[in-house]
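# Coordinate analysis (summary)
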Amino acid sequence: MQYRQLGADGPDVSALGLGCMGMSEFYGQGDDAESIATLRRALDLGVNFLDTADMYGVGRNEVLVGRAINGRRDEVFLATKFGNMRGPNGEFLGVNGRPDYVRQSCEASLKRLGVDVIDLYYQHRVDPEVPIEETVGAMADLVRAGKVRWLGLSEAAPATIRRAHAVHPISALQSEYSLWSRDPEGVLLDTVRELGIAFVAYSPLGRGFLTSQIKSLDDLPEDDWRRRSPRFQPETFARNLRLAETVRQMAEAKNCTPAQFALAWLLAQGDDVIAIPGTKRRRYLEENMGALRVRLSTADLIRIHQAVPPGAASGERYPEAGMQAVNR
């Protein structure tokens, strides 16, 4: 395993973490036994950066992660998030960044995870109705109370990040970044680098598209949320398949799988970039770890940029409502 520092003053975490969302929701039926085995195998492989959120499975994912790390807490750098409210039946109720909600959410997450402290606590989405200074101020209170160690933001805009960082050091920004989602390049990455904030890339495999395992919508379960994603619609799917085929061919030339190639490209974007590919199966976890052995030269990176330039993917990252909640 390779390790990278989380921000200017944070600890070293595994360059490849593990996104746990799909174990409990969104990507078809889960298997708790296999998910727990996958989490424990990740720890065996030196993956110490685990990523969950209170909204995943309406709290079930935090409970699952807590079960998996029971007895191995000292091996884990544990990240979770608050801010996306959901009702008891899973309905989305909006974004909440009010200080009282921050405190309530933290206590609930600690209980579900079965831990005394959260290593990295993110605001999952920025609440446009609450000044970021108030939200981060409440998060900073959690640090002072010993309930949280480091703070993060997710899908925040550069100006918001600067305001938040002025209240309390922000150690990590989590946003979508991959060969088919290169939006962070430019002002966003420049901002976090100037401030000494690590960049944590979620969906680094393009929601599975860059693995070349998805050939048609029939490959997705009926309840898979990707069926509603703009990039998985009939008018965009075929164009994105061609992008995935380009990645597959380049991976073949490097004697690695498409997933390994896509992750290696992401890690080559800077020592401050950390990827958290999600999987609920041990075999895909182990395949992803093979990305650490893939070496891309400067010439390789130039060829990749030419073959898959920014904006190459067809369709927005989220449906309209989801896009309104990012880059705030």
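Check the entry above for the structure.
Since we're looking at a predicted model, the values are computed, not measured. (Residues numbered from 1 in each chain as written. Predicted model: local features only at pLDDT ≥ 70, side-chain atom pairs only at ≥ 80, totals over all residues. Heavy atoms only, no water.)

On to the environment of Ser212. For Ser212, the location among the structural elements is in the loop between strand E11 (198–202) and helix H7 (234–253). Taking the relative accessible area as the measure of exposure, Ser212 reaches 12% and is therefore buried. Linking Ser212 and Leu296, residues 84 residues apart in sequence, is a C-alpha distance of 20 Å. Sequence-distant contacts of Ser212, defined by excluding residues within four places in its chain, comprise Ala244, Arg248 and Pro258. (Helix = DSSP H or I, 4+ residues; strand = E, 2+ residues; numbered from the N terminus. Buried < 20%, exposed > 50% of the residue type's maximum accessible area, 1.4 Å probe, protein only. Contact = heavy atoms within 4.5 Å.)

With that settled, the discussion passes to the pairing of strand E10 (residues 172–176). With five of its five residues buried, E10 lies for the most part within the structure. Neither face of E10 is left uncovered, since the one carrying Ala172, Gln174 and Glu176 and the one carrying Leu173 and Ser175 both have all their residues buried. Each parallel crossover has a hand, and for strand E9 (residues 148–154) linked through helix H5 (residues 158–167) to E10 it is right-handed. As paired elements, E10 and E11 share five bridges and run parallel to each other. (Right-handed = clockwise from strand over helix to strand, strands pointing away. Pairing = 2+ DSSP bridges.)

Between helix H4 (residues 132–144) and H5, the least distance of the axes is 9 Å, while the angle of their chain directions is 40°. It follows that H4 is oblique to H5 by the angle criterion. H5 is crossed by H4, and the crossing has right-handed handedness. Counting all contacts with H4, which are made through Ile132, Glu133, Val136 and Gly137, the residues of H5 involved are Thr160, Arg163, Ala164 and Val167. Tallied by class, the residues present in the contact of H4 with H5 amount to four nonpolar, two polar and two charged. (Axes fitted to C-alpha atoms, helices over the stretch in contact; angles between N-to-C directions. Parallel < 35°, antiparallel > 145°, perpendicular 65-115°, else oblique. Left-handed = near helix turned anticlockwise from the far one by under 90°. Nonpolar A, V, L, I, M, F, W, Y, C, P; charged D, E, K, R; others polar.)

The next thing to look at is H4. Its 13 residues give H4 an end-to-end C-alpha distance of 18 Å, which sits within 8% of 18 Å, the value for a rise of 1.5 Å per residue. Within H4, the full set of buried residues consists of Ile132, Thr135, Val136, Ala138, Met139, Ala140 and Leu142. Buried residues in H4 make contact with strand E5 (77–82), helix H3 (99–113), strand E8 (118–123), E9 and H5. A positive phi of about 80° marks Gly146, the residue just after H4. (Expected span 1.5 Å × (residues − 1).)

Here the structure, examined in full by the defined rule, presents zero disulfides. In this structure Cys20 is not part of a disulfide, and its nearest cysteine sulfur, from Cys106, lies 18 Å away. (Disulfide = S-S within 2.5 Å.)

Another point: the pattern of salt bridges. Under the definition given, this model contains 28 salt bridges. As a salt-bridge pair, Asp271 and Arg4 come within 3.9 Å of each other at their nearest N and O atoms. Placement of Asp271 in the loop between helix H8 (258–267) and strand E12 (273–275) and of Arg4 in strand E1 (residues 3–5) is noted, with a sequence separation of 267 residues between them. By relative accessible area, which is 64% here, Asp271 ends up exposed. (Salt bridge = Lys/Arg side-chain N within 4 Å of Asp/Glu carboxyl O.)

Strand order in this open sheet of eight strands is E3-E4-E5-E8-E9-E10-E11-E12, and the pairing throughout is parallel. The open sheet has two edge strands with one neighbour each: strand E3 (18–19) and E12. Here H8 sits on the sheet in contact with E11 and E12, set at roughly 155° to E12.

To continue, consider the packing of aromatic side chains. Scanning all chains against the criterion turns up 11 aromatic pairs. Pairing Phe77 with Trp150 gives two aromatic rings, centres 5.8 Å apart and planes at 40°, and the pair type is tilted. With Phe77 in strand E5 and Trp150 in strand E9, this pair connects stretches of sequence that are 73 residues apart. Centre to centre, the rings of Tyr177 and Trp265 are 5.7 Å apart; their planes meet at 70°, and the pair counts as edge-to-face. With a gap of 88 residues between them, Tyr177 in the loop between E10 and helix H6 (187–195) and Trp265 in helix H8 connect regions that are remote in the sequence. Judged by relative accessible area, Tyr177 falls into the buried class, the value being 1%. (Phe/Tyr/Trp six-rings, centres within 6.5 Å; stacked < 30°, edge-to-face > 60°.)

This part covers H8. For H8, a buried count of 10 out of 10 residues is recorded, marking the element as mostly surrounded by other parts of the structure. The complete set of buried residues in H8 reads Pro258, Ala259, Gln260, Phe261, Ala262, Leu263, Ala264, Trp265, Leu266 and Leu267. Where H8 is buried, its residues contact E1, E11, H7, E12, helix H9 (282–289) and helix H10 (298–307).

This next bit is on the pairing of E9. Buried residues dominate E9, accounting for five of its seven residues. When E8 meets E9, the two strands line up parallel, connected through five bridges. Bridged to Tyr122 within E9 is Gly152. Handedness of the crossover is the feature at issue here: the chain leaves E8, passes through H4, returns alongside E9, and the resulting connection is right-handed.

Residues other than glycine seldom take positive phi values, yet Ser203 does so here, at roughly 50°. By secondary structure assignment, the location of Ser203 is in the loop between E11 and H7. With a phi angle near 60°, Asn255 is a residue other than glycine that sits in the positive phi range.

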